[in-house]
Amino acid sequence: MYSDKLAKLLSSLKIETGDVVEVESGGAKLEGELMPKTEIGDPNTVILKMKSGYNAGVLVDSDTKIKKISAGKRQEFPLAKPKLNSKLPKVAIIWTGGTIGSKIDYKTGGVSMTVKPEELFYYIPELPEIANIMFKDVSGVASEDMTYIEWQKIAEEVAKAINDGARGVVITHGTDTMHFTAAALTFMLKDLNAPVVLTGSQRSGDRGSSDAFLNLISAVRLAANSNIAEVGICMHATSSDDKMHFIRGTKARKMHTSRRDAFRPINDRAIAYITKDGEISYHGDYKKVTDAQKKVKAQTDFEAKVAILKAYPNSDPEIIDYYIGKGYKGIIIEATGLGHTPTSVEHKGKSWLPFVERAVKKNVVVGVTSQCLYGRVNDNVYKNLRLLSHAGAVHCEDMLTETAYVKLGWLLANHKQEEAKDLLAKNIAGEIKERTTFDEFLA
Amino acid sequence: MANPEKVERDSNFYKSVGFMCGLEIHQRLATAHKLFCSCPATLANESDKLLAEVSRYQRAVAGELGSVDRSAEFEEAKNRRFNYKVRDKHTCLVEIDEEPPHNINSEALKIALAMGTAMKMKFVDELQPMRKEVVDGSDPSAFQRTTLVGIDGTIEVDGHKINMPTLFLEEESSGIVSASEDGIIYDTDRLGIPLLEIDTDAYIPNAAAAKSIALYIGTLLRVSGAVQRGIGSIRQDVNVSIKGGARVEIKGLQEVDKLDKFVDNEITRQLKLLEIKDELVKAGASVDAPIDLTEMLKKSTVRIVINQLERGGVAVGFRLKNFKGFLGKEVNPDRRLGSEISDYAKMAKVNGLIHSDENLAVYGFTEKEHEELKKKFSLGPHDAFVIIAGKKTDVEKAVALAMERAKYALVGIPLETRAVANTELCTTRFMRPLPGGSRMYPETDARPILITKEMVELAKKSAPDIEKEKKHLLSKVDNRSIAEQLLLSPRLNLFKTIISSTKADSGFVANILVQKFTELKRSGFEIDSIDEQRILHLFEAYGKGEITKQAVDELLKEMSLKKDSVANLIKVKRLQRITGKDLEHLVSQVKKEQKDSSDKNELRNLVMAKYRLTVDGAELNSVISSEK
C-alpha cells in the first residue's frame, strides 16, 4: 500500500496503475509502467516495469520528480472456445477457487481468479477432449475461510449436476481445507452413484511447472472414466509428474505445507492411481458405479456447534466448560497415543475426566481421536482409556480428527443426539475401517 | 565491397561496417549458500549421494508467446520430460520447486553492491525479484529468479569510457547430465548458486576493446575475492551486429583470450553473407518445393542415406535455383553457407544434409546417381540441391527449417543465438533463434529488498579496486611484470591465500604461479588440472621447509600427472628435504669420497649433482663453509 503522501501525489498527478511514467531521483532517470502496489514493500516506493521487463522500486521523496508519459493499456486474458463433442461423457466442474484457480497478469503480477470456462480451456486445452464440460463457478472465499455454508452449497451443486446428467463431478478447491470439504461431501451426498473428485494445486498455475494442469486433467479423467461412486481427492501421488492418486474423502489428509504430493491416505490405501497419460488402476475396496437410476440427494444440514480440542501436556481442560457454556453439542478431543487425555488427580485441575463427565451429562457428544493420525484408538488397553470411556467419551476407531469433526457436525444435525452418539464410532460412508493393513502406514 | 579479410581492421574499418558490440558477463559468486535457500553454493562431488530423481513436464503458460504458434509450441513442450537429480547436501525442496524461496542471500547482495560500486553504478532503491520464464527445463520451476540491482554505471578501460547499463543478481541454472529422445536429465547441485550478470552497452568500438573490457571485468571480479573460479564459473556472451546485418549473440565463451577473434570472425561472417545475398539476388536465385527421393535412393550405395532408409526413414531434397557455388562459399574458416543451412536442419534432430556444392563422390554417389538426381531436380547449370535423410517426422521439420534458412540467404542475416563451433578456429554455429524479450513477472514469493544507506556505505568500503590491488601486489612481489600478470591471472586469489596462510615467500610463489605455470603448460603438462587445494598444500610443505624450491617444480609436474596427495608424492618421489644434522652428515659422507678435501666448490657441486632436488643451496653453502 502507498503511504498517504504518495497516494495523494499520484492522484494529484492523475497517475494510475498501468500508466507509463518517468521518475527522476538522485540523478537517475527511469521510465516504465507503474505497477500495482501490494501490501509488501516500502510504502514510499513506486514500482516501475521497464522495457527490459524488470521491475524496480523507486523511493519517492521531496526531491523526486515524477511525470506521466502516457496512459496505460489494459491487458485482456486470452480465451479459447471449447469444441463440444456430444460423444464424450458429461463432467461438471464446480469451481471454488484456490491456488489451482488463480491466474496471473504477467505484466503486473496481480493474481485473480479464473472464472470463465474459456479461460480454463485456454490454459488446459486437453479438457474438452476428455469430457463435455459443464462449468459452475461458486468461488467466493479462500479455502482457509470456508465454512459449512460453502460445503452445503457445493453439495447441492454436485447433486444438481449429477441429477442433470453429469457422469462425474470435479471440484476445484484450495488445498488447506480440501479434506474437510471432501469429508463433508461424503456424508452429505446420499445415494451417490458417480465419481466426485476434489482437486487443487500446490504450485500456482502461472508457472510452467504447476501441478494444477495434471491434477485437473486427471480429476476430469477420473470423473469421466472411472467407476468409483465415492467422493475423493485427486492430487500428485509423488513429487514427479507421473502418477496421481485418488484418496477416499474421509481418509485423506494434507501432510505437507508445500510439496505437490502433500495429500496422503491415512489408515487406508489410495482407491486408485491414474497416470499422466490417463491409465487408471484400482487398488483399494470402493463403492462402484451401478445401473441404479436413483437420484442423489444432498442432505446438507450441519450442526456448527462442534469443536476440536487437543490434549497435550499442561493442557487446561477447563476449555470444555467454555464450550458447554456456549451451548456446543459436540466435541472431538484429539488425544495422545491410543486415545489418552490426562486423567490423574496428582496435578490439580489437569484431569480431563470431570470435564468430560460434565459435558456428557449436558448431552454433549464427546468423541476421541488420536494425534498419532495413524492407527486406531482404543478404550480398553490401559486403565486411563477405560476411565475416559466410562466418563462417556466415544473412541472413534481409525478415524481422522478432521473427519470425526465433520461427521459429528453432520450427525448432530441429521439424527437425534443418542443416535448421533451411537453412529459416531460406526462406519457409515467409508470413514471407519474394521481392518488396518500393514501397508497403510506412511503410504 | 573489398574482401573483408584483406582490409586492415583499424578503427575506420569498424566504423565503416557499422560495428555494434556489447558484452554480458555471467559470474558465479563464492558465497556460503545459494541465493534463495541454505544449500551450499558449490558443485557436488561424488560423496554427495543422490536421494532421488524426480521427473516433471513443463507447459508454456498463457499469453505473450509472440510470433510462435501457440498450439505448436504447446504440443512440442507438453511431452518433453525433464528429470532432476536430487542430492543429499546440494538440493533441498526449494530447488525442486517443492517449497517457496527463502529470503535472498545477503552475502550475495553485498557482493553485487560492491561490484556495482566499483562500476560507479546507481542502485535501485527497492529491489524487485522477478521470474524470467525458462523453457528448456533447466529450472524445475520453469523460471529463473533474477533481480535488477544496479544501473547507469561506467568503467574505464585503456582510456575508453564504457557504459555499464545494468547489473543483475540471479540464480544459476541446473547443469545437463544427459539428453536423449526420452528427455533431459539435469543435476540440481548447481541450481540456485548466486550469479552476477554484468552488461555493457552496445557501443564497444572494436574487437580488441571487447576483449580488454572482458578481461577488465574479469579482473575486477577476481579482485573482489568473492567469486568462484574454475571451468564454467565465468561465461561471456557477446552481441555483435553490423550495418545491414543482424544482432547475433555468441553464447558461453569461456576463453577471454580468443574473444576478439570470435568477434572479428562474426563480422567476417556477416560481411560474407551480405555479399552472398547481393549476388544471389542479382542471379535471381530461389528455393523450390521439396521432392521425395526415398524410392529413388533405395538402391543407392551411399551409406549415410541407406542407413536411414533401411530403418524406415525417408530422403527428401529440394532444388536451389541459381545457388550453384554459393553453398560452398566460405563465410568463416571451415564454415560455408551450406554449414549455416545444415545447422538449421540439425535442429530437427537429423544428422545434417548433403548439398551439391560438396564433392558427392566422397559420400559414395556414383556418376549415374548424380545424373539421376540432376534429372529428378531438373537441375540447370547454375542450380544446386540439398538432400536430407532420416526419420520421416524429423526430415519434414528439417527440410522446412533448411528451406527457411536458404530463403533467408536472399534476405539477409537471421537474428541468432550462436554457440562455439570450433575453439581453435574461433568459429560459431547456429544454436537457436534469438529469443524475443523474455517473459518476466514478479516473484511474488520473495519480498522486495530496500537498499539502505548503510548497505551502500558498506559497499563503498568493500568495492574491488584494481589500482589499489596492483599497488598491493607490487609491494608483495617487487616485479611489475609479474604483478601485472598476477592481476590478470585466474590464480590471483590462490596467490593471496598462499601468502597469507603459508610461510612461502611471496616473490617465489608469484613466480611459480605465473611464470612456472606458463612454462610447464607450454611443455605440455596439464597444469590447469591441478586443483587449488593441492597447490596450497605444496606451498605449505615448502613453507615448513619440508621440500626445496627445486622440488616444488618437480612436484608440480607429478601433480599434473597424478591425483595423489602432495604428502604422498613427496614420499614416493623421495623429495623430503635433507636438512640440519642430516645434511651435515651427508656433507661429511660426500667429503670422504672427495680427492681434494679442501676444494669446497667441488664438494658443493658433488652434493648438488646428486641431491639437487632435496638439498637447499643456501643451507648447503652454510654447512660447507662451517666445515673444517
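Each value, and the rule that gives it
Residues numbered from 1 in each chain as written. Chains lettered and ligands numbered in written order. Predicted model: local features only at pLDDT ≥ 70, side-chain atom pairs only at ≥ 80, totals over all residues. Domains from an automatic or database assignment. Pairing = 2+ DSSP bridges. Helix = DSSP H or I, 4+ residues; strand = E, 2+ residues; numbered from the N terminus. Contact = placed C-beta atoms within 7 Å. Axes fitted to C-alpha atoms, helices over the stretch in contact; angles between N-to-C directions.

## Quick look at the domain arrangement of chain B
Okay, so step 1: When the domains of chain B are assigned, the result is domain 1 (4-247), domain 2 (279-411), domain 3 (465-572) and domain 4 (581-626).
Okay, so step 2: Centre-to-centre, using C-alpha coordinates, domain 2 of chain B lies 54 Å away from domain 3 of chain B.

## Here we look at the sheet that holds strand β14 (residues 286-292) of chain B
Through backbone hydrogen bonds, the strands of a sheet pair up, either in parallel or in antiparallel fashion.
All names here are of chain B.
Okay, so step 1: As summarised here, the arrangement of the four strands in space is β14-β15-β19-β18, forming an open sheet in which the pairing is antiparallel. Each end of this open sheet is capped by a strand with a single partner; those strands are β14 and β18 (354-355).
Okay, so step 2: Contacting β14, β15 (314-321) and β19 (384-390), helix α11 (residues 392-408) runs over the sheet at an angle of about 155 degrees to β19.

## Description of the environment of A:Ala420
Residue and element names in this part refer to chain A.
Okay, so step 1: Following the sequence through the fold, Ala-420 ends up in helix α11 (residues 417-424).
Okay, so step 2: For the pair Ala-420 and Lys-407, spaced 13 residues apart in sequence, the C-alpha to C-alpha distance is 9.3 Å.
Okay, so step 3: In contact with Ala-420, not counting residues within four places along its chain, are Val-365, Leu-411, Leu-412 and His-415.

## Looking at the sheet that holds strand β10 (residues 183-187) of chain B
Residues and elements named next belong to chain B.
Okay, so step 1: Ordered in space as β2-β3-β10-β9, the four strands form an open sheet in which the pairing is mixed. The open sheet terminates on both sides in strands that have one partner only, identified here as β2 (50-57) and β9 (175-180). Here the average twist between neighbouring strands, direction ignored, is 20 degrees.
Okay, so step 2: Sheet topology places β9 next to β10; five bridges connect them, and they run antiparallel. Looking at β10, one finds that Ala-179 is bridged to Ile-184.

## Topic: the environment of B:Lys516
Okay, so step 1: Within the secondary structure layout, B:Lys516 lies in helix α16 (residues 506-522).
Okay, so step 2: Beyond its immediate sequence surroundings of up to four residues, B:Lys516 is in contact with B:Asn511, B:Asp553 and B:Leu556.

## Considerations on the pairing of strand β6 (residues 130-133) of chain B
All names here are of chain B.
Okay, so step 1: With four bridges connecting them, β6 and strand β7 (residues 143-157) associate as antiparallel partners. Bridge pairing in β7 places Met-130 opposite Thr-146.
Okay, so step 2: The pairing of β6 with strand β22 (residues 440-442) spans three bridges and is classified as antiparallel. Each bridged residue has a counterpart across the sheet, and for Arg-131 the counterpart in β22 is Tyr-441.

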